[in-house]
Amino acid sequence: MANPVWQSLAGQRAAVEQLSHPETISAPTHAWLFTGPPGSGRSMAARAFAQTLQCEQSDLKDRGCGACQACATIAAGTHADVNIVTTEKVSYAIEDVRDLVAAAHDRPSTGRWRIIIIEDADRMTERATNVLLKAIEEPPERTIWMLSAPSPADVLVTIRSRTRHINLVIPSVEDVAQLLTNRDGIEPQLAETCARASQSHVGVARWLARSPQARERRDMIVNLPLTIRSASAAMESAENLHKLVQDEAESSSSDRNAAERANLLRSLGLSEDETIPRKLRVHVRRMEDNQTARNRRAIHDALDRAMIDLSGIYRDLLVLHLSKDSALINEHLRPTLDEYSANVTAEHCLGASEAITLARRRLAGNVPPLLALEAMLLAFIPRTRRHAAL
């Protein structure tokens with residue numbers, strides 16, 4: 001059985017075996033690349049590996065106990081020798097990477113290694129990656145780099161060739177549901193429903209399982225295509241979808257933004273109702289700029305999640321055209337989807353799926369979200385079996 005730090009990684013037995021092997025722990029490679037689809041646990045695997053390397057247990061087979069101070073502080077993100085770096089911007093700033101390279105030359109203060117984990121390494125620009133490359137080519141003693149990205153193709157080949165690759169897979173629905181039940185105490189039936197609805201994305205499944213409001217918003221989104229019968233309904237649904245996505249993004253960031261502002265003002269010796277002195281405004285402006293960039297990212301992520309959920313609906317409809325007995329992503333909506341699938345063609349479902357893919361490309365290309373959603377939802381107007389026969 002895997003040590004405790006690995007038990008939150010669903011369905012990644014092959015990766016865990018590689019990373020927890022005594023030879024890997026005793027003499028780790030200086031640079032690692034963790035890849036896998038969203039929700040597979042790339043960042044979680046990197047943190048668990050860092051815990052295993054820094055664990056205070058003396059026996060290699062017991063490393064990754066999850067209970068010692070090293071394991072606990074890495075889990076909390078406060079270990080002195082483990083830098084966990086992420087960005088909520090579109091890309092990493094080159095200055096951020098230079099700071100990391102400088103930190104990599106510091107000797108470990110309490111642990112065995114200086115470990116730097118870079119989440120979403122695919123967001124590094126080529127210039128930033130080139131700064132990192134030299135540090136990986138000539139690694140400081142006792143320093144280990146861990147990068148995560150969706151696939152090896154998402155990082156420069158020069159980085160790929162200098163790292164050891166760990167590939168994570170999409171976990172099964174059963175593995176994700178079991179994790180939610182065992183780790184988070186979620187009721188088994190709800191855990192399975194959320195694991196299916198998230199398409200085995202562990203983070204999204206946990207979020208859905210713990211938030212009735214999130215489940216309600218998702219059901220409103222995935223039911224939209226089933227209610228569109230005309231162009232006017234498509235326009236109205238596009239506006240509703242846009243508002244749902246904005247509300248979701250706002251709900252996920254408003255409390256955090258308010259807490260950040262309160263903490264900053266407190267650190268500056270100010271209260272909420274106090275006028276900010278001119279010389280201190282630069283600090284508040286920098287925080288607000290970061291929050292604006294993060295809010296844009298939250299809206300983009302919520303839109304993309306909505307596209308994935310809508311794709312799941314049309315995947316289910318196509319499945320029902322082929323086999324009524326196959327498992328659905330939206331199993332809890334089976335009666336509704338059964339009825340709808342009887343009145344639309346498989347060709348219509350394929351066309352709607354292609355419209356979703358096109359909308360995602362347009363959104364990535366900075367097309368105004370409402371325009372992209374309107375064009376997509378117009379493709380959802382059903383081409384019924386009767387129309388197809390004419």
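Remember, it's a predicted structure, so these values are computed and weren't measured experimentally.

Trainee: Any chance you could break down the nonpolar core for me, citing the residues and the numbers?
Mentor: Leu-241, Met-307, Leu-310, Leu-337, Met-376 and Phe-380 are the most contacted members of the largest nonpolar core, which has 37 residues in total. Counting residues per element, the ones that place at least two in this core are helix H11 (212-223), helix H12 (231-267), helix H13 (281-322), helix H14 (334-341), helix H15 (346-364) and helix H16 (369-378). Here this core takes eleven residues from H13, the largest share from any one element. If you look at the next biggest cluster of nonpolar residues, it comprises 29 residues, including Ile-25, Ala-45, Ala-50 and Ile-117.

Trainee: Describe the pairing of strand E3 (residues 114-118), naming the residues involved and giving the relevant values.
Mentor: On a regular strand, each side chain points to the face opposite its neighbour's, so the side chains alternate between the two faces of the sheet. Counting buried residues along E3, five of its five residues qualify, which places the element largely inside the surrounding structure. Side-chain alternation along E3 places Arg-114, Ile-116 and Ile-118 on one buried face and Ile-115 and Ile-117 on a second face that is also buried. Two strands pair when backbone bridges link them, and strand E2 (residues 82-85) and E3 are joined in this way by four bridges, in the parallel orientation. Bridge pairing in E3 places Ile-84 opposite Ile-117. Pairing of E3 with strand E4 (residues 143-149) involves five bridges; the strand directions are parallel. Looking across to E4, one finds that Ile-117 is bridged to Met-146. With respect to chirality, the unit in which E3 leads through helix H6 (residues 126-137) into the neighbouring parallel E4 is right-handed.

Rules and cut-offs
- Residues numbered from 1 in each chain as written.
- Predicted model: local features only at pLDDT ≥ 70, side-chain atom pairs only at ≥ 80, totals over all residues.
- Heavy atoms only, no water.
- Core = buried A, V, L, I, M, F, W, Y, C linked by side-chain atoms within 4.5 Å.
- Buried < 20%, exposed > 50% of the residue type's maximum accessible area, 1.4 Å probe, protein only.
- Helix = DSSP H or I, 4+ residues; strand = E, 2+ residues; numbered from the N terminus.
- Pairing = 2+ DSSP bridges.
- Right-handed = clockwise from strand over helix to strand, strands pointing away.

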